[in-house]
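# Secondary and tertiary structure notes
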Amino acid sequence: MKRFILTIALAAMCTAAFAQKKDIVKTGYNLGPLPVVAYDADKGLQLGAILQLFNYGDGSNYPNYNSKTYLEASFFTKGSMLFQLMYDNKELIDGVRWSSAISANFDKGMDFYGFNGYQSYYDFESINAGKAGNQYILPNGNPSTAIFTPFYKNFRTQILAKTDFVGNITEHFKWEAGYHASYFLQKSIDYDNINRGKSESQKFPTDQPTLYDYYCKWGLISPEEANGGFSSSIRLGLTYDSRDKEGAPSRGIWAEGHLTLAPKWLGTKNDFYRYSLTFRHYVPIVKEDVLTFAYRLNYEGTFGSNAPYYILPYITVMGENCDKDGMGGYRNLRGILRNRVVGLDMATYTAELRWRFVKFHLIKQNFALGLNLFSDGSMVTRGRDLTFKYSEAASDYEAQKAIYNKYVRPDVKERPHISVGAGFRIIMNENFIIAAEYGMPVSRFNKNNPLYNQDGTGAFYVNIGYLF
C-alpha cells in the first residue's frame, strides 16, 4: 500500500513538473499526418490517411491557428470510399471567420437500425449466431448460418458541401451564417458486393430483404424520400465562445443555437426546417491543462414532422467541420451502434474527465499524453410515425405484419442510450490530436436488463481530436 501511495505521489509530482514546462510558440506551417487502418466484415479492409496542415503565422495567436486545412481519404476493399476536404481561415476576411468543406462518402454498407431508438428491435441473437456459424431463422422464415449484419445495412452515397461565416458582435458573442448543400442516394445493399469474400454458408441470402427494404415496403419510409435526394439550406446561428483555446480547451463556455431552413424554392427535394441548441463547458480542476472536466448538452429538433429520414441522425455544426452524422459511433455516441438513435427530435449529452499526465518537447514540437474517462448518452424525444401501412389486400399481409411486430415496437418506451468508456490522446501543438478510445453501452452490464445488447457490444475507435 505504501509503495502504491508513493507511486501515485511521484506520478503527481512528475505531472505537475511537466505541466509547468513552457510551450514552444509555433509559427508558420505544421503538418500532422495519420494513417487509417480498420476492418469491417461487410466493407472489408479500410486503408487511408488523414492530413492536417496548420498555419500559425507569426505565432501571436498560438495555440490557436490562423488557418487549417484537413484532408481525409480512405478506401475499403469492398468498394466503399470516403473523401473529405475542410478549410478554416480566421484572417482572410477582417473580423470574419470563413470555413468551407466538401465531403463524399460512398458507403456500400451503411448502418440502418430503424427509427425511434428502442422502438426498433436489434436482433442481436441472429447476428451473434451468424458470426458463430450457428443456425438461426431468417425473417423470411428460412434457416440460415449467414452473417446477419447485412440485414442492418443499406447503400448510401452522401455528398456534403458548405460554406460558413462567423463574425464578431462582441469579444465572445458572434453571429453565424452559411449555405449547406447535400445529396443523398440511398437504396438496398448490393448483395454480390457485400457477400464478396465470404464462404457460401456465410453469404446473406439474396431473397432476404434488409430492414431498410422492409421499412420502405411497410410505408415507414415514404416513396418520396426512400432514395434520398438533393437538399439546399440556409443556416443561421448565434454563438458564445469564451474558450481559452480551440483544439483542446481547458476552460470556458462554447454555446450555439442554429436554425436550418431548407425550403423547396431553394432546390430541396424534401423540404425541412430544423433547429439545434448546444452548450459546452470546460471546467479546470487542476490548472495548466492537467485535469479538465468537459461536458456537452445538445438538442436537435424539427419544426413539423416532414423532415426526411436521411437528414435526421446529425449533430448540427457550423464552422470548420461538416455535420457529425450517425447518432452512435465515434463522433457523438461512442460505443453505441452507429445510427441507433434516429428521430425527429433528439437530446444528447457527453461528459469527459480529461487528464494530461505528461508534457514534453520532441523534434521541436509540443507534445502531451492524455487519458480520458467519458460517458455519452442520447435518446429520441419525438419519434417518426411507425404506423404499419402495408396493404391489407396483399396476399402476404399477415406474414409482413408478423415481421413488423418483431422488428418495430411502437409501444416500447424510449429511454436514454448510454455508454461509458476511456481513451488515450497524443496531443501535438494543442491542435493535432490522435485519439484512441473504447466505449461500451451500460446496458451490457446487466444481462437481466430487457435492453441487454440492444445498443451493441461496444466499439474501439482511432481518430482525430476531441469530440468537442
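Everything discussed here concerns the structure shown above.
Along each chain, the written sequence defines residue order, and numbers are assigned to residues from 1. Where totals are concerned, whole chains, interfaces and linings use all residues; where local detail is concerned, this predicted model gives features only for residues with pLDDT of at least 70, and gives and counts side-chain atom pairs only at 80 or more. The basis for every side-chain value is the complete set of non-hydrogen atoms in the structure, without hydrogens or water.

On to the nonpolar core. Counting residues in each nonpolar core, the largest one holds 47 residues, and the members touching the most others are F148, Y152, Y215 and W218. Among the elements of the structure, α2 (124-132), α3 (191-194), α4 (211-217) and α6 (397-407) are those that each provide at least two residues to this core. Side-chain atoms within 4.5 Å are what join buried Ala, Val, Leu, Ile, Met, Phe, Trp, Tyr and Cys residues into a set we call a nonpolar core. Buried residues are those whose accessible area, probed at 1.4 Å on protein chains only, stays under 20% of the maximum for their type, while exposed residues exceed 50% and partly exposed ones sit between those limits. Core analysis: the next-biggest nonpolar cluster, separate from the first, contains 15 residues, V36, Y65, Y70 and A101 among them. A run of H or I in DSSP becomes a helix once it reaches four residues, and a run of E becomes a strand once it reaches two; helices and strands are each numbered from the N terminus.

With that out of the way, let us pick up the pairing of strand β8 (residues 153-168). Residues in a regular strand project their side chains so that they alternate between the two faces of the sheet. By this definition, two strands are paired if DSSP reports at least two bridges between them. Relative to β8, strand β5 (residues 96-111) runs antiparallel, the two sharing 14 bridges. If you follow I102 over to β8, its bridge partner there is A161. Direction of pairing for β8 relative to strand β9 (residues 173-187): antiparallel, over a ladder of 14 bridges. If you follow R156 over to β9, its bridge partner there is Q186. Here β8 hands over to β9 after four residues, the two strands then running antiparallel side by side.

With that settled, the discussion passes to the packing of aromatic side chains. Pairing of aromatic rings covers Phe, Tyr and Trp, the last through its six-membered ring, and needs centres within 6.5 Å; plane angles under 30 degrees mean stacked, over 60 mean edge-to-face, and all others mean tilted. For the structure shown, the criterion picks out 40 aromatic pairs. Ring geometry for F75 against F83: centres 5.5 Å apart, planes inclined by 80 degrees, an arrangement best described as edge-to-face. Of the residues examined, F83 reaches a relative accessible area of 30% and is grouped as partly exposed. Ring centres of F151 and Y152 lie 5.0 Å apart, and the angle between their planes is 85 degrees; this geometry places the pair in the edge-to-face category. Y152 matches F151 in its accessibility class, with the two residues each being buried. Sitting over a ring, as applied to charges here, requires NZ of Lys or CZ of Arg to be within 6 Å of the ring centre and within 35 degrees of the ring normal. The side chain of K90 reaches across the aromatic face of Y65, ending 4.3 Å from its centre. Seen from the ring of F115, R384 lies directly overhead, with NZ or CZ sitting 4.6 Å from the centre.

Here a cavity means grid points, on a 1 Å grid over the protein atoms only, where a 1.4 Å probe fits yet cannot get out; a pocket means an open set of points with protein on both sides within 12 Å along at least five of seven lines; lining residues are those with an atom within 4 Å of a point. Grid points are joined across faces, edges and corners, and a volume is the space filled by probe spheres set on the points. Its volume calculated, the second largest pocket comes out at about 360 Å³. In terms of lining, the second largest pocket is formed by 16 residues, of which the most central are S222, E225, S305, N306 and R384. All residues other than Ala, Val, Leu, Ile, Met, Phe, Trp, Tyr, Cys, Pro, Asp, Glu, Lys and Arg, Gly among them, are scored as polar; the first ten of these are nonpolar and the last four charged. Across the lining of the second largest pocket, the residue classes break down as four nonpolar, five polar and seven charged.

Attention shifts here to the pattern of salt bridges. By convention in these notes, a salt bridge is any Lys or Arg side-chain nitrogen within 4 Å of a carboxyl oxygen on Asp or Glu. This structure, assessed with the given rule, holds 24 salt bridges. The residue D88 makes a salt bridge to R97 at a minimum N-O spacing of 2.5 Å. Via salt bridges that share partners, R334, E352, R354, D376, R425 and E437 belong to a single interconnected network.

One pass over the structure, following the stated rule, counts five cavities of 30 Å³ or more. Lining the largest cavity are 20 residues, with L160, H180, S182, R235 and D323 positioned closest to its centre. Within the residue set of the lining of the largest cavity, elements represented by two or more residues are β8, β9, β10 (228-241) and β12 (272-286). If you add up the space inside the second largest cavity, you get close to 130 Å³. If you go around the second largest cavity, you meet 14 residues; those closest to its centre are D111, F112, Y309, P313 and N339. Broken down by secondary-structure element, the contributors of at least two residues to the lining of the second largest cavity are β5 and β8. In the lining of the second largest cavity, the residues fall into eight nonpolar, four polar and two charged.

On to the side chain of R243. Along the chain, R243 turns up in the loop between β10 and β11 (252-262). You can call R243 buried: its relative accessible area is 15%. Side-chain atoms alone can form a polar contact between residues adjacent in sequence; in general such a contact is a pair of N or O atoms within 3.5 Å, and within protein one must be able to donate a hydrogen while the other accepts it. At a separation of 2.7 Å, a polar atom in the side chain of R243 contacts the side chain of D241. Only heavy atoms enter the contact rule, under which two residues are in contact if any of them lie within 4.5 Å. Not counting chain neighbours up to four residues away, the residues in contact with R243 comprise P249, R251, G252, I253, W254 and Y282.

Turning to its location among the elements, Y452 is positioned in the loop between β19 (432-441) and β20 (459-464). On a C-alpha basis, the gap between Y452 and P441 in space is 9.0 Å, while along the polypeptide they are eleven residues apart. Apart from residues lying up to four places away in sequence, Y452 is in contact with S443, R444, N446 and K447. At 3.3 Å, the side chain of Y452 forms a polar contact with the side chain of R444.

Take K401: it is sitting in helix α6. Distance from K401 to F388, taken between C-alpha atoms, is 7.8 Å for residues 13 residues apart in sequence.

The residue after Y62, namely P63, is reached through a cis peptide bond having omega 15 degrees. Turning to its location among the elements, P63 is positioned in the loop between β2 (44-55) and β3 (67-76). Look at N429: it is not a glycine, yet its phi comes out positive at around 55 degrees. Mapped onto the elements, N429 comes out in the loop between β18 (417-428) and β19. In this structure, E430 takes a positive phi of about 70 degrees despite not being glycine.

Note that every value here comes from positions in space, so none of it alone points to a role or purpose.
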